[in-house]
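# Survey of secondary and tertiary structure
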Amino acid sequence: MRSPLFALICCSIMLAASAIPLCRFLDPAQPPRDAVARNAAGTAPEKSAAQPPPAAQSPSHPTRQSEEVPVLVRYTGVPREISLSLAGRELAHFSPEIPGCLPIKLLLPPLAPGSSIELEVHAVWTKSSDTSHVITVEVSPPLLPSAADTHWSDSDEPEIHEIYYFHWPESPVIRT
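So, how was this worked out
Residues numbered from 1 in each chain as written. Predicted model: local features only at pLDDT ≥ 70, side-chain atom pairs only at ≥ 80, totals over all residues. Heavy atoms only, no water. Helix = DSSP H or I, 4+ residues; strand = E, 2+ residues; numbered from the N terminus. Buried < 20%, exposed > 50% of the residue type's maximum accessible area, 1.4 Å probe, protein only. Contact = heavy atoms within 4.5 Å. Areas by Shrake-Rupley, 256 points an atom, 1.4 Å probe, with all protein chains shown as cover. Pairing = 2+ DSSP bridges. Axes fitted to C-alpha atoms, helices over the stretch in contact; angles between N-to-C directions. Core = buried A, V, L, I, M, F, W, Y, C linked by side-chain atoms within 4.5 Å. Patch = residues over 30% accessible without salt bridge, like charges linked within 9 Å, V, L, I, M, F, W, Y side chains within 5 Å. Salt bridge = Lys/Arg side-chain N within 4 Å of Asp/Glu carboxyl O. Lys, Arg positive; Asp, Glu negative; His and termini not counted. Charge placed at Lys NZ, Arg CZ, Asp CG, Glu CD.

### Observations regarding the overall build of the protein chain
Tallying secondary structure elements over the protein chain gives one helix and eight strands in all. Its helices and strands taken in sequence order, the protein chain reads α-β-β-β-β-β-β-β-β from the N to the C terminus. Expressed as a percentage of the 176 residues in the protein chain, the buried residues total 32%. Considering only contacts within the protein chain whose residues lie at least 6 apart along the sequence, 67% involve residues at least 24 apart. When the accessible surface of the protein chain is split by element, carbon and sulfur atoms take 61% of a total near 10900 Å².

### Details of the sheet that holds strand E7 (residues 147-152)
Strand order in the open sheet made by the four strands is E4-E1-E6-E7, with antiparallel pairing throughout. The open sheet has two edge strands, strand E4 (100-108) and E7, and neither has a second partner. Sheet twist, expressed as the average angle between the axes of neighbouring strands with direction ignored, equals 20°.

### Considering the pairing of strand E3 (residues 89-94)
Most of E3 is tucked away, with five of its six residues classed as buried. The sheet contact formed by strand E2 (residues 81-86) and E3 spans five bridges and is antiparallel. Bridging from a neighbouring strand, Leu-84 pairs with Ala-92 of E3. As consecutive antiparallel partners, E2 and E3 are separated by two residues, and within that stretch Ala-87 has a phi angle of approximately 55°, a positive value.

### Examining the sheet that holds strand E8 (residues 159-167)
Here four strands make up an open sheet; going across it, the order is E3-E2-E5-E8 and the pairing antiparallel. Sheet topology places E3 and E8 at the edges, where each strand pairs with a single neighbour. Strand-to-strand twist across the sheet, computed as the mean angle between neighbouring axes with direction ignored, equals 20°. Both E2 and strand E5 (residues 116-124) contribute to a ladder of six bridges, which runs antiparallel. Looking at the pairing, Ser-85 lines up with Glu-120 of E5.

### Observations regarding the nonpolar core
Grouped together as the largest cluster of nonpolar side chains are 28 residues, with contacts concentrated most on Leu-108, Leu-119, Ile-135, Val-137 and Val-139. Among residues more than four places away in sequence, those in contact with Ile-135 are Val-73, Arg-74, Tyr-75, Ile-82, Val-121, Ala-123, Trp-125, Asp-149, Thr-150, His-151, Ile-160 and Tyr-164.

### A closer look at a negative patch on the surface
A cluster of like negative charges, contributed by Asp-154, Asp-156, Glu-157 and Glu-159, occupies part of the molecular surface. Looking at the element boundaries, Asp-156 is found in the loop between E7 and E8.

### Digging into the pattern of salt bridges
As enumerated under the stated definition, the model contains one salt bridge in all. Here Glu-138 and Arg-74 are joined by a salt bridge, their closest N and O atoms 2.8 Å apart. You can see Glu-138 sitting in strand E6 (residues 134-139) and its partner Arg-74 sitting in strand E1 (residues 67-75), a full 64 residues away along the chain.

The structure is reproduced here in structure tokens:
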């Protein structure tokens, strides 16, 4: 049996660790909403002329680059629509035409060992069934191991609306 002091210390560490991603999402230096991919393939958008050149940005906020990251979305059945968002901004919205999976690319902040992201996933199926629906999202940043998270719906629910958490440890296992 663990002591109450040990439980308190563990809870404090977990609370502090959960606040780190929150601080990252509240950073005002995030890219504007129009810099997010919204087309059916989930690929990065072309640069628009409305965005100011990098030299015109405020020097107090360093520019934060985004990178295209391969993502594999696996699902049961054929959902009517699936959307992926990061910090309230929609990164991809698509309607799969076949069951199984769909490889896409998302514009994400640079990912390095020790970093983490939380993606909001919303999937809707046309009708409910007697079986649960499943969505798995696998993020594969360059030079880091893939990270995946899976969520299930209740058997009578035609949708999944969950936060998927991805974390890459400080000492990643190198893929060979």
